[in-house]
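Inside the fold
In case you want the letters, here they are:
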Amino acid sequence: MAGGVIATGSGSEQDFPAKLTLQVFICTAIAAFGGLMFGYDIGISGGVTGMDDFLLKFFPNVYVKKNHAHENNYCKFNDKYLQLFTSSLYLAAIVASGGASLMCKKYGRKPTMQAASIFFFIGAILNVSAMNLPMLILGRLFLGAGVGCGNQAVPLFSTEISPPKFRGGLNICFQLLITVGILVANCVNYFTSNIKNYGWRISLGGAAVPAVILLVGSFAIVETPTSLIERGKKEKGLKTLKRIRGVDDVQKEFEEMVRATEVANQIKHPFRELMKKPSIPPMICGTIIHVFQQFTGINVVMFYAPVLFQTMGFGSSASLLSAVITGTVNSLSTVIAIITVDKAGRKKLLVFGALICMVAQCTIGVILKKYLTETSKVPNSIAKVVVLLICVYVNGFAWSWGPLGWLISSEVFPLETRTSGYFFAVATNMLCTFIIAQAFLSMLCHMRAYIYFFFAAWLIVMSIFVMAMLPETKGVPLDEMVERVWKKHWFWKSFFKSSDIERPKAMVQLEQEKPNH
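Please read these numbers as outputs of a predicted model, since none were measured by experiment. Just so you know, the residues in each chain are numbered from 1, in the order the chain's sequence is written. This being a predicted model, a pLDDT of at least 70 is required before a residue's local features are given, and a value of 80 or more before pairs of side-chain atoms are given or counted; all residues contribute to the totals for chains, interfaces and linings. Excluded from the side-chain calculations are hydrogens and water; all other atoms, namely the structure's heavy atoms, are used.

Comments concerning helix α21 (residues 401-411)
Threshold: For each residue, the accessible area found with a 1.4 Å probe, counting protein chains only, is set against the maximum for its type, and the residue is called buried under 20%, exposed over 50%, and partly exposed in between. Here a strand is any run of E in DSSP of at least two residues, a helix any run of H or I of at least four, and the numbering for each starts at the N terminus.
Counting buried positions over the eleven residues of α21 gives eleven, a clear majority of the element. Residues of α21 that are buried: Trp-401, Gly-402, Pro-403, Leu-404, Gly-405, Trp-406, Leu-407, Ile-408, Ser-409, Ser-410 and Glu-411.

So this is what it looks like as structure tokens:
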């Protein structure tokens, strides 16, 4: 694999010798199957809710409305229980991510990923064998526990195991597998939609496959050096660091990890520490980026793509095929982020991606406002234009807000609040996803085409925030974020003027003893 000395950022004199080793690549690839689990569920949910056999068994009222000739196009899928089927997973994920945060800190990232795969497997089995709605929802809750654990552990794992120079691209493998999971789910739905009576069971049961791959593969990966050192296993941490960096000269990086761990271990109540003034900048930026990620409107497209396409007049099979097309665009476009994020930086991709999404959303809104009434169908040629615009939108999201939300929130917190801070980021993502999933069909019913302008307005707000308030983290070592990012930002630096007074005396002493390399 390509190797070399890793530059930690412009203007820094510190460097950590490292190679992009095969070990790091394999560990990142296996861990990223946590993203495949998440993506598969996102894609599969919208597909099965468009299958008649599934609706007849669990949501007969929706089936009647869907096939009623004079039913309002925007309201035919509006059903609180159908929304609960999609959104219940994210309530469970919020709770699970809290437990996963504590598990990550006490037992490590690797066991937390293993727990994620077990929860997800149980959920898949319950769903594939569901005989009634309570059993179906119970399965969704187990899937949610798996998503919560996986989304908490995998990005942290990828961030901590990666050399700074390649951290962005490697971390985005998690998002890439989310998009692959969505694509695979859409393909599965396309083929199973024609299988009578049990096609939906095949679709839901397929979630067990990535769960098994992650569980089996997790036994072949290493724990992160940071986690090992944090739990008192310094010798093993040093050995692992040499192994994943591919060089023996890792003493500088190891010493930085040890010092950061010693500082972190002074914090007995990390959640309480998040409320202190120096923790506010990463807390705000690390969580609000997940609010923004969900209010781009992406999960409206990913959850309910088949529903949206059927609303526009596509048949069931055609709508699923259109979802496959958007899923393909999603996966291919995420590769752009992997290639560019460590060169262009985070902020540029976020702003340009938001602008592309905004233009696409507004154009779709104008078209639907003109052509899609309560009872009419969009002309075939216009419907194809809408699919094309959705592909443009998905493209803009896939190399910006999709992967960078998870990346940025996993790298901005110092070690002493990393797992607890990242829990709030994941919980925020799951909460906003729940809100969107639970409210979207009702919003579509009441707002109609204006729903696209609603999300476009959010894209303007988030672009302004990124340009003004979000610092660039490209190439900065994790343990240098406070000094080189937050204390140098035009606004956030004011939160650190009295930080030495607020932080424990032992922490200040350790930082003062830190040598200048």
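Let's talk about the side chain of Gln-294
Condition: Counted as a polar contact is a pair of N or O atoms within 3.5 Å, where, for protein atoms, one must be capable of donating a hydrogen and the other of accepting one, and residues adjacent in sequence contribute only when both atoms are in side chains. Only heavy atoms enter the contact rule, under which two residues are in contact if any of them lie within 4.5 Å.
Relative to the elements of secondary structure, Gln-294 occurs in helix α16 (residues 280-294). Residue classification places Gln-294 among the buried positions, given a relative accessible area of 4%. Among the polar contacts made by the side chain of Gln-294, one reaches the side chain of Thr-433 at a distance of 3.1 Å. With residues up to four places along the chain from it excluded, the contact list for Gln-294 reads Asn-299, Asn-429, Cys-432, Thr-433 and Ile-436.

Focus: the confidence of the model for the chain
Here is the rule we go by: Predictor confidence is given residue by residue as pLDDT, running from a minimum of 0 to a maximum of 100.
Chain-level pLDDT for the chain is 85 on average; 88% of the residues reach the 70-or-more range. Taken element by element, the predicted model of the chain shows its lowest mean pLDDT in strand β1 (residues 3-7) (30) and its highest in helix α6 (residues 109-128) (96). Per-residue pLDDT stays below 50 along residues 499-508; that stretch engages in 14 contacts with residues further than four places along the chain or on separate chains.

Focus: the nonpolar core
The criterion, for reference: To form a nonpolar core, buried Ala, Val, Leu, Ile, Met, Phe, Trp, Tyr and Cys residues must be joined to one another through side-chain atoms within 4.5 Å.
Counting residues in hydrophobic clusters, the biggest one holds 134 residues, and the most contacted among them are Phe-54 and Trp-401. The contacts of Trp-401, once residues within four sequence positions are left out, are Ile-289, Phe-292, Gln-293, Thr-296, Leu-350, Ala-354, Met-462 and Val-466.

Quick look at the packing of aromatic side chains
Note the threshold: Any two rings among Phe, Tyr and Trp, with Trp reduced to its six-membered ring, count as a pair given centres within 6.5 Å; such a pair is stacked if its planes are under 30 degrees apart, edge-to-face if over 60, and tilted if neither. Criterion for a charge above a ring: Lys NZ or Arg CZ within 6 Å of the ring centre, and within 35 degrees of the ring normal.
Here the structure, examined in full by the defined rule, presents 27 aromatic pairs. An aromatic cluster of at least three residues, connected via ring pairs, comprises Phe-292, Phe-295, Trp-401, Phe-454, Phe-455, Trp-458 and Phe-465. Sitting over the ring of Phe-495, Lys-277 keeps its end group 6.0 Å from the ring centre.

Considerations on the packing of α16 against helix α23 (residues 450-469)
Cut-off, in case you're wondering: Throughout, an axis means a line fitted to C-alpha atoms (over the contacting stretch in the case of helices), and angles, computed between N-to-C directions, take values from 0 to 180 degrees. Between 65 and 115 degrees an angle is taken as roughly perpendicular, under 35 as roughly parallel, over 145 as roughly antiparallel, and anywhere else as oblique. Whether a crossing is left-handed or right-handed is set by the direction in which the near helix is turned from the far one by less than a right angle, anticlockwise for left-handed and clockwise for right-handed.
Viewed as axis vectors pointing N to C, α16 and α23 meet at an angle of 155°, and their least axial separation amounts to 10 Å. It follows from the interaxial angle that α16 and α23 lie roughly antiparallel. Crossing of α16 against α23: the hand is left-handed. Here Cys-285, Ile-288, Val-291 and Phe-292 of α16 come into contact with α23, specifically with Trp-458, Val-461, Met-462, Phe-465 and Met-469.

Concerning unusual backbone geometry
Note: most peptide bonds trans; most residues except glycine with negative phi. One non-glycine residue with positive phi stands out, namely Asn-197, at about 75°. Residue Arg-448 is not a glycine yet carries a positive backbone phi of 55°. Residue classification places Arg-448 among the partly exposed positions, given a relative accessible area of 27%.

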